[in-house]
Amino acid sequence: MTFITGVGLTSYGKHEGLSSLDLMSKAAELAIADAGLSRAEIDGILCGYSTVSPHIMLATVFAEHFGIHPSYAHAVQVGGATGLAMTMLAHHLVEAGVVRHVLVVGGENRLTGQSRDASIQALAQVGHPDYEVTLGPTIPAYYGLVASRYMHEYGVTQEDLAEFAVLMRKHAATHPGAQFHEPITVADVMASKPVALPLKLLDCCPVSDGGAAFVISRERTGETGVRVLGCAQAHTHQHVTAAPGLSELGAEIAIAKAKAACGVAISDVRYAAVYDSFTITLAMLLEDLGLARRGEAAARVRSGYFGRNGEMPLNTHGGLLSYGHCGVGGAMAHLVETHLQMTGRAANRQVRDASIALLHGDGGVLSSHVSMFLERVR
Amino acid sequence: MSNDKPADWTTGVEAILYQSCGACGHVQYFRRGFCAACGAADLTEKRASGEGTVYATSLVCRAATTETRAHVPYNILLVDTAEGFRMMAHGDDDLAVGDKVTARFTQFAGRLVPYFARARMS
């Protein structure tokens, strides 16, 4: 049995003058304090990567910088799925008795540390170097391709996709740490600058500075425990050219394995934290995970189903789309928010019941998937 | 299977090549020394006809480099070829999912790339 005993999150947006290590350190300090532990008690470190400061041994660079001497440490790279993949690994490491307290940390000064062009270029390299990157695609274009196909097969419209951007902005408005607070409408999304059609600027997550961290431990350290119930991964391809059909993507495989691993059904879930790099990502994943029927996720947004007071509150911090996206830390904010909801600490964003949560992360172009269920234990 | 560079558009030659497995019949577009479906090394290199159907499109309006910005907007496609593999290419801006298309080649950011237009009805 493992518990997420502490979480830490910086605000996302601009952190002028702070390095990736600075942002990781800030988040790590918050998470360790939240767990009620001291630095010396951390015996394992898992960290992500930084496109601004690439390093072949980032975990030990961080450990030295932060001043701890772990008995287990390395980096993990699974794109946007990295945060949940690290959590899954930490869960297994702790359960196997390799370590007692694993610090999982991600942070990057992606917005102020490099130009927006450099970020877009760095990320486009997830494409095939010979057969894709030479054609000048961007990450939004890879997802734009998927969006065009999804819209064609399931009758989803650009206005439907816009609903997800509006919802995430509405949620971000209630979180002081979010990058964007100004309300937007479907018309605003539709009128925003075309980036890689059918995706427009407000269909895309921003580039941000920020950091997030958690501690995964063998025993709970607080009154309310947040236990990892079960998790699973699926990896069907790397490049969008080699992706399987829409009905065979990894999210469906990962969630089926995670459900089987712990006997949880979607009807048991009370809170959802789902990867939302683009509006299409969120729409597709909600439907792949079974949180909405095919082509019907947007209708559920319109009816309030995914709102704070709805049946399935979703990304109440505003998600990648409006809280912000600093790389590995981006989707880790989803888990931090889930933890706050489950432990009753989400202030004005608190939902009625977050007793069982479903988290899902996606890396590449719907290439790598991690599904995870968390349970509140009192 | 030789490890020579392919004589196709990725090396500046006006051709789309793919590999066909003699052991299991699988066809693959990303070139390698073995079949990704069964592992056999018994591959034959073939030249595609250039005929296909549009699987997906995305019109890029925001590019990230000086060279690619000069071409904005440009339409990125995934095309399901008549030979049974999927490939990424450029194409006319008004192409839609399901359109029958034919390949030609064009210059993009200093390189040769495949470019699809609607096939003429005969």
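Since the model is a prediction, treat every value here as computed from it, not as a measurement.

**Considering the interface of chain A and chain B**
Reasoning step 1: Across the boundary between the two partners, chain A contributes 26 residues, which contact 29 residues of chain B.
Reasoning step 2: For the side of chain A that touches chain B, the leading source of residues is helix α5 (residues 139–154) of chain A, giving seven residues.
Reasoning step 3: Grouping the constituent residues of the side of chain A that touches chain B by class yields 13 nonpolar, nine polar and four charged.
Reasoning step 4: Bridging between strand β5 (residues 194–197) of chain A and strand β4 (residues 51–60) of chain B involves two bridges; their strand directions are antiparallel. Paired with A196 of chain A across the bridge in β4 of chain B is V60 of chain B.

**Considering the domain arrangement of chain B**
Residue and element names in this part refer to chain B.
Reasoning step 1: Looking at the assigned domains, one finds that chain B contains domain 1 (9–47) and domain 2 (51–118).
Reasoning step 2: Look at where the C-alpha atoms of domain 1 and domain 2 centre, and you get two points 21 Å apart.
Reasoning step 3: Residues of the side of domain 1 that touches domain 2, tallied by class, amount to five nonpolar, two polar and one charged.

**Focus: the packing of α5 of chain A against helix α9 (residues 279–289) of chain A**
All names here are of chain A.
Reasoning step 1: Packing of α5 against α9 brings their axes to within 9 Å, and their N-to-C directions diverge by 50°. If you check the angle between α5 and α9, you find them oblique. The handedness of the crossing between α5 and α9 comes out as left-handed. Residue-level inspection shows Y143, V146, A147 and Y150 of α5 in contact with α9, the latter providing I280, T281 and M284.
Reasoning step 2: Looking at the contact of α5 with α9 residue by residue, the classes come out as six nonpolar, one polar and no charged.

**Points about the pairing of strand β11 (residues 368–377) of chain A**
All names here are of chain A.
Reasoning step 1: Taken across its ten residues, β11 has eight buried, putting it largely inside the fold.
Reasoning step 2: As paired elements, strand β8 (residues 225–235) and β11 share ten bridges and run antiparallel to each other. Looking at the pairing, V226 lines up with R376 of β11.
Reasoning step 3: Two strands pair when backbone bridges link them, and strand β10 (residues 356–363) and β11 are joined in this way by eight bridges, in the antiparallel orientation. Within β11, the position partnered with D362 by the bridge is H369.
Reasoning step 4: Here β10 hands over to β11 after four residues, with G364 in that stretch at a positive phi of 75°.

**Looking at helix α3 (residues 82–95) of chain A**
Residues and elements named next belong to chain A.
Reasoning step 1: If you check α3, its first and last C-alpha atoms are 20 Å apart, about what 14 residues at 1.5 Å a residue would give, namely 20 Å.
Reasoning step 2: Counting buried residues in α3 gives ten out of 14 residues, a clear majority hidden from the surface.
Reasoning step 3: Of all the residues in α3, the buried ones are T82, G83, L84, A85, M86, T87, M88, A90, H91 and V94.
Reasoning step 4: In the stretch just after α3, G97 is the one whose phi turns positive, near 80°.

Quick notes on the rules
Residues numbered from 1 in each chain as written. Chains lettered and ligands numbered in written order. Predicted model: local features only at pLDDT ≥ 70, side-chain atom pairs only at ≥ 80, totals over all residues. Contact = placed C-beta atoms within 7 Å. Helix = DSSP H or I, 4+ residues; strand = E, 2+ residues; numbered from the N terminus. Nonpolar A, V, L, I, M, F, W, Y, C, P; charged D, E, K, R; others polar. Pairing = 2+ DSSP bridges. Domains from an automatic or database assignment. Axes fitted to C-alpha atoms, helices over the stretch in contact; angles between N-to-C directions. Parallel < 35°, antiparallel > 145°, perpendicular 65-115°, else oblique. Left-handed = near helix turned anticlockwise from the far one by under 90°. Buried ≥ 20, exposed ≤ 12 C-beta atoms within 10 Å, placed from the backbone. Expected span 1.5 Å × (residues − 1).

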